[in-house]
Amino acid sequence: MSLQERYVATIGCRVSIQANLASTTVRWSLGSGAPGGPSRPKEGDEVMPFTCHRCRRTMSVTVESLAKARLKKRVCIVVGWLLLLSLLVTVPMLVHLGGQTVDENDDSATDIVGLLFLLSALGFILGFTFAALGHKYQGVKKLRYIRPDGRGTVWVKGHRLF
C-alpha cells in the first residue's frame, strides 16, 4: 500500500485484558476516520486532534508530510533489503570458514566465525524487521492525550495506533 495525500489513522481502544500463565490476550476496539481522511501537511509535521470512537477521550496524532513519510518508508525498505542482501556474503563465508580445520592454539579463527555468525544473525533479523516496518510505515505517529490545558501527554494508557 503506497502513501497517499490523505491519511486514515486507525486507533485501538483497549476493551479487555485476559492474563493466563503462558500468555496475555488483549482485545481492542478499532476505529478509524472517514475513508478519504484529512490531508497531510504540505511540509514538516502537524498535530491533528481527534476523539476516541469508544471512550470519547480527546487525543492527537502527529502526521508527517507526504514527502517526509515517503522518504522514511523508502529508507527503511532499502536498509532492510541491503541487510538481507548482505547475507549473500556473510552466510557463504560462515559456511566456508566454519568447515575448516584450525589449530588448537589459533583463537583468531574462531573469533572470525563468531563475528560472521553474529553478522549473519543481525542481517537476517534486522533485514526482515526493517523491510516489514518500511512496508507498514504510514507517517502517523505520537498518539497523545490532550490535557485540559491543551498540552499533550507523553504516555497514552489503553490506546494504540494500528
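Thresholds applied
Residues numbered from 1 in each chain as written. Predicted model: local features only at pLDDT ≥ 70, side-chain atom pairs only at ≥ 80, totals over all residues. Heavy atoms only, no water. Phe/Tyr/Trp six-rings, centres within 6.5 Å; stacked < 30°, edge-to-face > 60°. Helix = DSSP H or I, 4+ residues; strand = E, 2+ residues; numbered from the N terminus. Buried < 20%, exposed > 50% of the residue type's maximum accessible area, 1.4 Å probe, protein only. Axes fitted to C-alpha atoms, helices over the stretch in contact; angles between N-to-C directions. Parallel < 35°, antiparallel > 145°, perpendicular 65-115°, else oblique. Left-handed = near helix turned anticlockwise from the far one by under 90°. Contact = heavy atoms within 4.5 Å. Nonpolar A, V, L, I, M, F, W, Y, C, P; charged D, E, K, R; others polar. Core = buried A, V, L, I, M, F, W, Y, C linked by side-chain atoms within 4.5 Å. Pairing = 2+ DSSP bridges. Salt bridge = Lys/Arg side-chain N within 4 Å of Asp/Glu carboxyl O.

Colleague: Which parts of the structure should I look at to understand the packing of aromatic side chains?
Modeller: Any pair of aromatic rings gets described here by the distance separating the centres and the angle formed by the planes. Enumeration over the complete set of coordinates arrives at 2 aromatic pairs. Taking 5.6 Å as the distance between ring centres and 75° as the angle between the ring planes, the aromatic pair formed by Trp28 and Phe162 counts as edge-to-face. One end of the pair, Trp28, is in strand β2 (residues 24-32); the other, Phe162, is in the segment after β6 (159-161), with 134 residues separating them in the sequence. With a relative accessible area of 28%, Trp28 lands in the partly exposed category. By relative accessible area, Phe162 is classed as partly exposed at 44%.

Colleague: What exactly am I supposed to notice about the packing of helix α2 (residues 87-98) against helix α3 (residues 107-136) here?
Modeller: Packed helices, taken two at a time, are described by their axes: the angle between them and the distance between them. Interaxial distance between α2 and α3 falls to 9 Å at its minimum, and their mutual angle equals 150°. Taken together, the axes of α2 and α3 lie roughly antiparallel to each other. Every pair of crossing elements has a handedness; the one defined by α2 and α3 is left-handed. Between α2 and α3, the contacting residues are Leu87, Thr90, Val91, Met93, Leu94, Leu97 and Gly98 on the first element and Ile112, Val113, Leu116, Phe117, Leu119, Ser120, Gly123 and Phe124 on the second. Among the residues forming the contact of α2 with α3, the class breakdown is 11 nonpolar, 4 polar and no charged.

Colleague: Before we go on, may I ask you to explain the nonpolar core in this structure?
Modeller: Most often, soluble globular proteins keep nonpolar side chains buried together rather than apart. The biggest cluster of nonpolar side chains holds 13 residues, and the ones touching the most others in it are Tyr7, Met59, Val61 and Leu143. Counting only elements with at least two residues in this core, the list comes to β1 (10-19), β4 (58-64) and β5 (140-145). Excluding residues that lie within four positions of it along the chain, Tyr7 makes contacts with Gly36, Gly37, Pro38, Ser39, Arg40, Met48, Val63 and Val140.

Colleague: What exactly am I supposed to notice about the sheet that holds strand β3 (residues 45-51) here?
Modeller: The pairing of strands in a sheet happens through backbone hydrogen bonds and is either parallel or antiparallel. If you trace the 3 strands from one edge of the open sheet to the other, you get β3-β4-β5, paired in antiparallel fashion. Only two strands of the sheet have a single partner each, and these edge strands are β3 and β5. Each adjacent strand pair in this sheet contributes to an overall mean axis angle of 25°, direction not counted. Sheet topology places β4 next to β5; 4 bridges connect them, and they run antiparallel.

Colleague: Explanation requested: the pattern of salt bridges in the structure shown.
Modeller: Side-chain pairs of opposite charge can arise where the charged atoms are in close proximity. Overall, the coordinates contain 5 salt bridges when judged by the stated rule. For the salt bridge of Asp45 with Lys141, the shortest nitrogen-to-oxygen distance reads 3.6 Å. Here Asp45 is found in strand β3, whereas its partner Lys141 is found in strand β5, with 96 residues between them in sequence. Judged by its relative accessible area of 22%, Lys141 is partly exposed.

Colleague: In this structure, what is going on with the sheet that holds β2? I would like to understand it.
Modeller: The 3 strands are arranged β2-β1-β6 in an open sheet whose pairing can be described as antiparallel. The open sheet has two free edges, formed respectively by β2 and β6, since each of these has just one partner strand. The sheet shows a mean angle of 35° between the axes of neighbouring strands, taken without regard to direction. Bridge count between β1 and β6: 3 bridges; the pairing is antiparallel. Bridged to Gly12 within β6 is Arg160.

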